Amino acid sequence: MRKHIIGENGISYTEGTDGIFYPDLKLPEGETYEIGRYGNKRLEYLKNYHKGMYLDLLTSGKLNRHLHECDEECKARLEFLTEQMKAGAGITEELKAKEQMKWVGLMNNVRSAAEEMVLKELVYC
C-alpha cells in the first residue's frame, strides 16, 4: 500500500496510522521579527478574543509582522505619552536633582497611566 499520494487537485496526501489520507499542508513562510512585551500581549489577546483575525494572520504568514509592528507602535506611543504627561505634570530635571523620591513617584504614576492608555488603544482593540 502506498503511504503518499497526489490527489487530482495537486495536493499530496500522507496515510495516517488509522488508514486515512491527510493533506500535507504547511503554513506559508513569513518574515521573522523580534517580538517584545506588547507584541506578546497582542498575541495572547488575539488568541483568546479574536480567533478569526488570529487565524487569518497566521495562515497568511503575516502574524509575526503584525505583532512586531504593534510592539514598535506601542513603544513609540508610550514614549510620546510619557514625555507629554511629564511636561503637563511639571516633572523636570530640576525636580529630579532636588527631590529624587518625589520625582520617582511622579514618574511611576505617569508611566503607569501612559502604559494603561497604550494597552487600551493599541493592544486590546
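In the block above lies the structure referred to throughout.
Residues numbered from 1 in each chain as written. Predicted model: local features only at pLDDT ≥ 70, side-chain atom pairs only at ≥ 80, totals over all residues. Heavy atoms only, no water.

### What about the environment of histidine 4?
Heads up, the condition is: Numbering of helices and strands runs from the N terminus, with a helix taken as a DSSP run of H or I at least four residues long and a strand as a DSSP run of E at least two residues long. Burial status follows relative accessibility: with a 1.4 Å probe on protein chains alone, a residue under 20% of its type maximum counts as buried, one over 50% as exposed, and anything between as partly exposed. By definition in these notes, contact holds between two residues if any of their heavy atoms fall within 4.5 Å.
Along the chain, histidine 4 falls in strand β1 (residues 4-6). Looking at histidine 4, the relative accessible area reads 51%, which means it is exposed. Spatially, the C-alpha atom of histidine 4 lies 4.6 Å from that of threonine 14, the residues being ten residues apart in sequence. The contacts of histidine 4, once residues within four sequence positions are left out, are Tyr13, Thr14 and Asp24.

### Points about helix α1 (residues 37-49)
Where we set the bar: One less than the residue count of a helix, multiplied by 1.5 Å, gives the span that helix is expected to have. This arc is taken over the directions from the axis of the helix to the C-beta atoms.
Taking 1.5 Å of rise per residue, the 13 residues of α1 would be expected to cover 18 Å, and the 18 Å separating its terminal C-alpha atoms lies within 8% of that figure. Within α1, the full set of buried residues consists of Tyr38, Gly39, Arg42, Leu43, Tyr45 and Leu46. Projected down its long axis, α1 shows its buried positions confined to an angular sector of 165 degrees, all on one face. In this structure, the buried side of α1 is in contact with α2 (51-60), α3 (63-89) and α5 (100-123).

### Side note on the packing of α3 against α5
Helix packing geometry: the angle between the two helix axes and the distance between the axes. Here is the rule: Only the stretch in contact is used when a helix axis is fitted, and all axes are lines through C-alpha atoms; the angle between N-to-C directions ranges over 0 to 180 degrees. To sort the angles, those under 35 degrees are grouped as roughly parallel, those over 145 as roughly antiparallel, those from 65 to 115 as roughly perpendicular, and the leftovers as oblique. Crossings are assigned a handedness: left-handed for a near helix turned anticlockwise from the far helix by less than a right angle, right-handed for a clockwise turn. Each residue is assigned to one of three groups, with Ala, Val, Leu, Ile, Met, Phe, Trp, Tyr, Cys and Pro labelled nonpolar, Asp, Glu, Lys and Arg labelled charged, and all others, Gly among them, labelled polar.
Where α3 meets α5, the axes come as close as 9 Å, and the angle between the chain directions of the two elements is 140 degrees. By the criterion of interaxial angle, the relationship of α3 to α5 is oblique. When the axes of α3 and α5 are compared, the crossing they make is right-handed. Contacts from Cys70, Glu73, Cys74, Arg77, Leu78, Leu81, Thr82, Met85 and Lys86 of α3 reach α5 at Met107, Val110, Arg111, Ala113, Ala114, Glu115, Met117, Val118, Glu121, Leu122 and Val123. Looking at the contact of α3 with α5, its residues break down into 13 nonpolar, one polar and six charged.

### Description of the packing of aromatic side chains
Heads up, the rule is: Each aromatic pair joins two rings of Phe, Tyr and Trp (for Trp, the six-membered one) with centres within 6.5 Å, and gets the label stacked for planes under 30 degrees apart, edge-to-face for over 60, and tilted for any other angle. To sit over a ring, a charge needs its Lys NZ or Arg CZ within 6 Å of the ring centre and within 35 degrees of the ring normal.
The final tally for this structure, using the stated rule, is two aromatic pairs. A ring pair is formed by tyrosine 45 and tyrosine 49, whose centres lie 5.5 Å apart and whose planes are at 35 degrees; its orientation type is tilted. Within this pair, tyrosine 45 and its partner tyrosine 49 are both found in helix α1, separated by four residues, close to a single helical turn. Its relative accessible area of 61% is what places tyrosine 49 among the exposed residues. Here the aromatic cluster, defined as three or more aromatic residues joined through ring pairs, consists of Tyr45, Tyr49 and Tyr124. In this arrangement the basic side chain of lysine 96 is found over the ring face of tryptophan 103, its NZ or CZ atom lying 4.8 Å from the centre.

### With respect to the side chain of glutamate 115
Among the structural elements, glutamate 115 can be located in helix α5. For glutamate 115, the contacting residues outside a window of four places in its chain are Arg37, Tyr38 and Leu78.

### Brief notes about the sheet that holds strand β3 (residues 21-23)
The line we're drawing: Strand pairing is assigned whenever DSSP detects at least two bridges linking the two strands.
Sheet architecture is open: three strands sit in the order β1-β2-β3, paired in antiparallel fashion. The strands lining the two open edges of the sheet, one partner per strand, are β1 and β3. Adjacent strand axes in the sheet meet at a mean angle of 35 degrees when their direction is disregarded.

### Overview of the pattern of salt bridges
Cut-off, in case you're wondering: Think of a salt bridge as a Lys or Arg side-chain nitrogen and an Asp or Glu carboxyl oxygen that are within 4 Å of each other.
Here the structure, examined in full by the defined rule, presents five salt bridges. Of the charged contacts in the structure, one is a salt bridge between lysine 75 and aspartate 71, with a shortest N-O distance of 3.2 Å. One end of the pair is lysine 75 and the other is aspartate 71, both in helix α3 and four residues apart, which spans about a single turn. Note on lysine 75: relative accessible area 40%, which makes it partly exposed. Judged by its relative accessible area of 1%, aspartate 71 is buried.

Take it as geometry only, folks, not as evidence of what the structure does.
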